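Here is what each chain is made of, one letter per residue.
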Number of protein chains: 2
Amino acid sequence: MTESRPTVVPGQRSTRQRAAIGDLLDQLDDFRSAQDIHEELRRRGEGIGLTTVYRTLQALADAGEIDVLRTSAGEASYRRCSDTHHHHLVCRVCRRTVEVEGPAVEHWAEKVAVEHGFAQIDHTVEIIGTCSGCRS
Amino acid sequence: MTESRPTVVPGQRSTRQRAAIGDLLDQLDDFRSAQDIHEELRRRGEGIGLTTVYRTLQALADAGEIDVLRTSAGEASYRRCSDTHHHHLVCRVCRRTVEVEGPAVEHWAEKVAVEHGFAQIDHTVEIIGTCSGCRS
DNA sequence: TCCCATACTGACACCGGGTGTCGATAAGGT
DNA sequence: ACCTTATCGACACCCGGTGTCAGTATGGGA
């Protein structure tokens, strides 16, 4: 989580497919499903299998290289994010995503959990709304 | 959302199956999947189909009677909650759930979103940890 | 109390996201 | 160049959830 953000996960082979996925993630700014990413790569002429996309995204997420979000339909979506702890403000129409920070929220979550006797506290905060561009 | 919490959704017929699901939800205190609930009802001798459980829970959720949570595996889980706006503090081991309120968080989310030009703001906040009983 | 329109039920087929398998392929150290 | 082995990807499969539709049961009306 503190390394310099390599395109592939360290200790693994660098393949054309992984490079392609890494490059695409660098260009995209919003959360995309595995199928979205597969489709986009095919459109760009990359020969790549859907299974490979699924597994590579999963591996990147496990390594903390990318963030995962579950859509309300239960589908996983991925996005390359900054290394610092943050949350997401997402447009429900165009999926435009803004990273936001909220130290006060972190502290609140920690305090509330401790008050109830909980430990090893983790939390998720997502804000969804309609962005200015999508309201016209 | 302001009515007195009927066991079934208003305007619909009251059936044995819906009553059974409503009763069970009243007794449970943590989030359960549709299959959990179906299994528990069968164990108690209720003749009820899995499809009916899925649809009834979905209807109750749509009516705002119960809260829905997506597990990290993408599975939906349900729980009867209080009418007031709240968030959940859940034990990752035993799933024990505590309802918590955080007006400061609501305001923060609203403020952050408005600052970025977003409107019709909604948000999700979940806190997960290990409860005192599950740490021994 | 009986009747009946119709909401509800639930077995089953089906859908779709995602994973296990395994022979073929290719990375990269020697 | 060679060989070990990680990776790829077509395919079968898993599983949570939904559509279908014939059969059932509710509850308002006569």
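That block above? That's the structure.
The notes below deal with the structure included here. Owing to the predicted nature of the structure, the values given are computational and were not obtained by experimental measurement.

A look at unusual backbone geometry
All names here are of chain B.
Point 1. One non-glycine residue, Arg95, lies in the positive phi region at around 70°.
Point 2. Secondary-structure assignment places Arg95 in the loop between strand 4 (87–91) and strand 5 (97–100).
Point 3. Phi at Gln120 is positive, roughly 45°, even though this residue is not glycine.
Point 4. Within the secondary structure, Gln120 sits in strand 6 (residues 119–130).

Focus on the sheet that holds strand 3 (residues 76–80) of chain B
By definition, the strands of a sheet pair up through backbone hydrogen bonds, in either a parallel or an antiparallel sense.
All names here are of chain B.
Point 1. Read from one edge to the other, the open sheet built from 3 strands follows the order 1-3-2, with strand pairing classed as antiparallel. Each having just a single partner strand, strand 1 (32–33) and strand 2 (66–70) make up the two edges of the open sheet.
Point 2. Where strand 1 lies against strand 3, 2 bridges are found, and the strand directions are antiparallel. Within the sheet, the bridge partner assigned to Ser33 lies in strand 3 and is Ser77.
Point 3. Helix-sheet contacts for helix 3 (residues 50–62) involve strand 2 and strand 3, and the interaxial angle to strand 2 is about 110°.

Considerations on the protein's contact with DNA strand D
Point 1. Near DNA strand D there are 19 residues, and of these A:Thr15, A:Arg18, A:Thr52, B:Gln35 and B:Ala76 occur at the shortest range.
Point 2. Protein-adjacent atoms of DNA strand D, using a 4 Å cutoff, are sugar or phosphate at a proportion of 63%.
Point 3. The contact in question runs from a phosphate oxygen of DNA strand D to an N or O atom on the backbone of A:Gly49, over 3.1 Å.
Point 4. For DNA strand D, a phosphate oxygen lies 2.8 Å from a polar atom in the backbone of B:Ala76.
Point 5. Listing elements by their share of the surface near DNA strand D, those giving two or more residues are helix 1 (16–27) and helix 3 (50–62) of chain A together with helix 3 of chain B.
Point 6. For the surface near DNA strand D, the element with the most residues is helix 3 of chain B, which contributes 4 residues.
Point 7. Among the residues forming the surface near DNA strand D, the class breakdown is 3 nonpolar, 11 polar and 5 charged.

Overview of the relation of the copies chain B and chain A
Point 1. When chain B is brought onto chain A, the operation consists of a screw motion whose angular component is 180° and whose axial shift is 0.0 Å, with 0.0 Å RMSD remaining. Such a combination of turn and shift is consistent with a two-fold rotation axis.
Point 2. Mapped onto chain A, 100% of the interface residues of chain B are again interface residues, and the two copies thus contact each other with one and the same surface.

A word on the environment of A:Thr71
Point 1. The residue A:Thr71 is located in the loop between strand 2 (66–70) and strand 3 (76–80) in this model.
Point 2. According to the relative accessible area criterion, A:Thr71 is partly exposed, its value standing at 28%.
Point 3. Each C-alpha atom of the pair A:Thr71 and A:Phe31 lies 9.7 Å from the other, and the pair is 40 residues apart in sequence.
Point 4. Other than its neighbours up to four places away in sequence, A:Thr71 contacts A:Ser77 and B:Arg70.

Some words on the pattern of salt bridges
Point 1. Scanning the entire structure with this criterion turns up 18 salt bridges over all chains.
Point 2. Residues A:Glu40 and A:Arg44 are paired through a salt bridge, measuring 2.8 Å at the closest nitrogen-oxygen approach.
Point 3. Between B:Arg95 and B:Asp36 there is a salt bridge; the shortest N-O distance is 3.2 Å. Placement of B:Arg95 in the loop between strand 4 and strand 5 and of B:Asp36 in helix 2 (residues 34–43) is noted, with a sequence separation of 59 residues between them.
Point 4. Here B:Arg95 falls in the partly exposed class, since its relative accessible area comes to 36%.
Point 5. Relative accessible area serves as the criterion here: at 24%, B:Asp36 is assigned to the partly exposed category.
Point 6. Each member of the salt-bridge network shares a partner with another, and the members are A:Asp26, A:Glu65 and A:Arg80.

Remarks on the protein's contact with DNA strand C
Point 1. Taken together, 19 residues sit near DNA strand C, with A:Gln35, A:Ala76, B:Thr15, B:Arg18 and B:Thr52 positioned nearest.
Point 2. A share of 63% of the atoms of DNA strand C within 4 Å of the protein falls on sugar and phosphate groups.
Point 3. A:Arg13 places a side-chain nitrogen or oxygen 3.3 Å from a base nitrogen of DNA strand C.
Point 4. The separation between a phosphate oxygen of DNA strand C and a polar main-chain atom of A:Ala76 is 2.8 Å.
Point 5. When residues of the surface near DNA strand C are traced back to their parent elements, those giving at least two are helix 3 of chain A together with helix 1 (16–27) and helix 3 of chain B.

Here we look at the interface of chain B and chain A
Point 1. Taken together, the contact between chain B and chain A spans 37 residues of the former and 37 residues of the latter.
Point 2. Overall, the association of chain B and chain A removes approximately 2900 Å² of surface from exposure, summing both partners, and the carbon and sulfur fraction of that is 64%.
Point 3. Counting across the interface, chain B meets chain A through 0 salt bridges.
Point 4. One can count 16 residue pairs in polar contact (both at pLDDT 80 or more) joining chain B with chain A.
Point 5. Per-element accounting of the side of chain B that touches chain A gives the leading share, 12 residues, to strand 6 of chain B.
Point 6. The residue inventory of the side of chain B that touches chain A, partitioned by class, reads 18 nonpolar, 12 polar and 7 charged.
Point 7. Relative to strand 6 of chain B, strand 6 (residues 119–130) of chain A runs antiparallel, the two sharing 9 bridges. Across the sheet, residue A:Glu126 finds its bridge partner in strand 6 of chain B, namely B:Thr124.

Basis of the calculations
Residues numbered from 1 in each chain as written. Chains lettered and ligands numbered in written order. Predicted model: local features only at pLDDT ≥ 70, side-chain atom pairs only at ≥ 80, totals over all residues. Heavy atoms only, no water. Helix = DSSP H or I, 4+ residues; strand = E, 2+ residues; numbered from the N terminus. Pairing = 2+ DSSP bridges. Contact = heavy atoms within 4.5 Å. Axes fitted to C-alpha atoms, helices over the stretch in contact; angles between N-to-C directions. Near = heavy atom within 4 Å. Polar contact = N/O pair within 3.5 Å; in protein donor to acceptor, adjacent residues only side chain to side chain. Nonpolar A, V, L, I, M, F, W, Y, C, P; charged D, E, K, R; others polar. Least-squares fit on C-alpha atoms with pLDDT ≥ 70 in both. Buried < 20%, exposed > 50% of the residue type's maximum accessible area, 1.4 Å probe, protein only. Salt bridge = Lys/Arg side-chain N within 4 Å of Asp/Glu carboxyl O. Buried area = accessible area lost by both parts, 1.4 Å probe.

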